[in-house]
Amino acid sequence: MTTKCSRRSFLKASGLVSAGLAITSTLPDKFLLWAEEQGMLKATYTPTFCEMCFWKCGAMAKVINGRVVKLEGNPAHPGARGKLCARGNGGAGLLYDPDRLKTPLINTGARGEGKYKKASWDEALGFAAERLNKIKQQYGPESVALFTHGTPTDHFLPLMWAYGTPNIGMPSFAQCRGPRDVGLELTFGEGIGSPERVDMVNSKVVVLFGSHLGENMHNSQVQDFSEAVGRGAKFVVVDPRFSIAAGKADTWLPIRPSTDMALILAWINIIIKQGLYDREYIGAYANGFKELADAVSEYTPEWAEKETDLPAAKIVEIAILMGKNAPAVCIHPGRHSTWYGDDVQRTRAMGILMALLGSWGRQGGTYIGTKGSFPKGESKPYPEPSKAALNLGNYPFAGGEGVTQVIRTATITDQPYPIKGWFVSGTNLMKSIPNQKETLEAIKKLDLLVAVDVMPFDTVMMADVIFPECTYLERHDALAVGKGKSLTVSLRQPVIEPMYESKPGWWIAKELGKRLGVGDYFPWNTYEEKLKSQCSSWGISYEELKTKGTITIPDTSDPYITATNQPVFKTKSGKIELYSSELKENGFDPVPRYTKHPEPAAGEFRLIYGRSPVHTFSRTTNNPELHELYPENEIWVNASKAREMGLINGNYVSLVNQDGVKSNPIKLKVTERIREDCVYMVHGFGTTSKELKNAYGKGADDQGLITKYAVDPICGGTGMRVNFVRLQKEVKHA
Ligand code: SF4
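Right, let's walk through the structure included here. (Residues numbered from 1 in each chain as written. Predicted model: local features only at pLDDT ≥ 70, side-chain atom pairs only at ≥ 80, totals over all residues. Heavy atoms only, no water.)

**A few points about the overall build of the chain**
- Scanning the chain from N- to C-terminus turns up 26 helices and 27 strands.
- Computed over the C-alpha atoms, the radius of gyration of the chain is 25 Å, within 12% of the 27 Å expected from 2.2 N^0.38 for a compact globule of 734 residues.
- Projected onto its principal axes, the C-alpha positions of the chain cover 70 × 65 × 65 Å.
- With 734 residues in all, the chain has 61% of them scored as buried.
- Long-range contacts, defined as pairs at least 24 residues apart, comprise 74% of the intrachain contacts of the chain with a sequence gap of at least 6.
- With the model as given, the accessible surface of the chain reaches about 27400 Å², and the carbon-plus-sulfur share is 52%.
- Taken together, the 87 basic and 79 acidic charged side chains of the chain have centroids lying 2 Å from each other. (Helix = DSSP H or I, 4+ residues; strand = E, 2+ residues; numbered from the N terminus. Rg over C-alpha atoms; globule rule 2.2 N^0.38 Å. Buried < 20%, exposed > 50% of the residue type's maximum accessible area, 1.4 Å probe, protein only. Contact = heavy atoms within 4.5 Å. Areas by Shrake-Rupley, 256 points an atom, 1.4 Å probe, with all protein chains shown as cover. Lys, Arg positive; Asp, Glu negative; His and termini not counted. Charge placed at Lys NZ, Arg CZ, Asp CG, Glu CD.)

Encoded structure:
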């Protein structure tokens, strides 16, 4: 048994041993590497950080003769530790994808028809500025909304704030992490961050709720997972599907989908009743214990057995396992938390479990993020919008982060005020927001749709004007500040010059800003000038950062609660809120309660979805290298159900949901590794953009089938595991 995570064990956990090998095999690169070996050419190495997903791993780019031939993990970066995942290795596939957006484009046909003319940058920027100014004059700046994800946000959020709109839609909030973050903030006064501050490397017990680590490939987290498995930590995986993580676990709990809350509440009840909770910790740091104990007393193991399909004795056994190993128990709160519409409360229940075990801020549970920080710079204040942001009145705990579907509804209804323009950067809304019909209806009503992206994704190809952003390997972006155990800062810098006529996001924002009359919000000539001045005000050497890629600030780590390192809970009471007075004041349950959710009817399956280790949503399905590894998704169906329907492995079926929406044909994966009441597929396939030649029409689109969603009344998150499908055999593909 080894305590170190080797490269091989890391790849093995992700099922990628062979995948890693296939990636480097393009002929020109082989020739360049050979020429380098012969001493005929010289390689350079430039540090940067990856954007193939949003973990921001430090990478070293090897360049020979102006071509990026290899990407490697930066050993100095805490998210990479010298390794990249398969998607990270596939970064050059994005750079050299022949389907990249190459020039600015202006729509010449009906919206969505796909007829474009090439335009100069001046023409395209002028086109967008003129129309944005017109909307501002006619309706006010609030009538334009920004939808954004990833590092483009650092450029286009300031642009849109300067323009004067408060309407910002982020699928990463309402369709992903929002309920989790809000649930933990209501309990501990802070979220768990991204990367999550889970201390899996030191855990004795790790509990995963549907978190399919190894398929959900977040580099350092999978390295920690690998290390914890190798060290013999006990893993408990709660998942209706026998995932890669379940395959490494000591206990797989094949829970009935939608009943996770029942299991967590039963565990809370058992831990309280059996006195397995950390009395000292609860006494010192928490309030509302009595109210909690009373509220959960009805959730017995026998009751939970009926709800979850898990044996009562097993439920008790795991509660005891957690209690006996506390506080070194990691309850992983997951990442994509928008499941059933009561997701803030489910995450709160997980938080309460962590608190009872005394694991928040303790070794093996979750660690305290660094208290180190960089000084906030002075910046010109943004104009105060005269109309309130759309989401604020509806969801009391949505905060300033955008509830995408609220902006969409306002676009359709003109209520409470019209939304006439969408500015979309770094997100493919057709694949990220549920109910595509509503998204299309909203897009049709717009006066202007602007898109900034690297690739011609489905949503991009509906825009009136398209700005081709260069890839992360060709640009500067904002400094990435890491607040894990220590304070770190990382630099993204161009590895090669931008290809074609593509431009960095910062340049697009600055140039558009000039034309919108807000150029003074971008008071620098180049982004590097801005970065240098920021580094100097932070007391960091820009030259050192340029050479190393990442700098860790010394003496900024104090990850666990001790007598001299006491936690600060920024809740209303200043304590961990087992009972939330804030929720009570806003008309919600102060202690999580169980709600039953609808079940599939006979012949139907609940549609669940997840990740492939080689793809990031729909963003990578066209990447030539990653497409080769996983070209189309499959639908997992339980073997006995498949037998009943006369279906065999490799058949193609269509999925038809409760509203009659039918998917593309998708290949069947007949397996014992999934319960009978649900089917599972990888998210992000079934691309409709014909410009994406590898991905077009491959596999089925889960988002197309998610016509129904259950909105979390606390924060506006859209629960998306509430759709049921039937299987229809596709004869032509059999
Ligand atoms: S996890 Fe993989 S894709 Fe994501 S940033 Fe890291 S190396 Fe890149």
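From this point on, the discussion continues.
**Some thoughts on empty space enclosed by the protein**
- With the rule as written, the count across this model stands at five cavities of 30 Å³ or more.
- Roughly 270 Å³ of volume is contained in the largest cavity.
- Along the wall of the largest cavity there are 21 residues; nearest its centre are Glu51, Leu94, Asp453, Val454 and Arg619.
- Of the residues that constitute the lining of the largest cavity, the class distribution is eight nonpolar, seven polar and six charged.
- Surrounding the second largest cavity, 13 residues form its lining, Cys50, Cys53, Cys57, Cys85 and Arg87 being those nearest its centre.
- Residues of the lining of the second largest cavity, tallied by class, amount to eight nonpolar, three polar and two charged.
- When residues of the lining of the second largest cavity are assigned to domains, at least three fall in each of domain 1 (7-89) and domain 3 (176-367). (1 Å grid on protein atoms, 1.4 Å probe; cavity = no way out; pocket = protein on both sides within 12 Å on 5 of 7 lines; lining within 4 Å. Points joined across faces, edges and corners; volume = space filled by probe spheres on them. Nonpolar A, V, L, I, M, F, W, Y, C, P; charged D, E, K, R; others polar. Domains from an automatic or database assignment.)

**As for the sheet that holds strand S18 (residues 550-552)**
- The strand order across the open sheet formed by three strands is S16-S17-S18, and the pairing between neighbours is antiparallel. Two strands close off the open sheet at either side, each with one partner strand: strand S16 (480-483) and S18. Going across the sheet, the axis of each strand differs from the next one's by a mean of 20 degrees, ignoring polarity.
- Sheet topology note: the S16/strand S17 (residues 487-490) ladder contains four bridges and is antiparallel. Among the inter-strand pairings, Gly482 is bridged to a residue of S17, identified as Thr488. (Pairing = 2+ DSSP bridges. Axes fitted to C-alpha atoms, helices over the stretch in contact; angles between N-to-C directions.)

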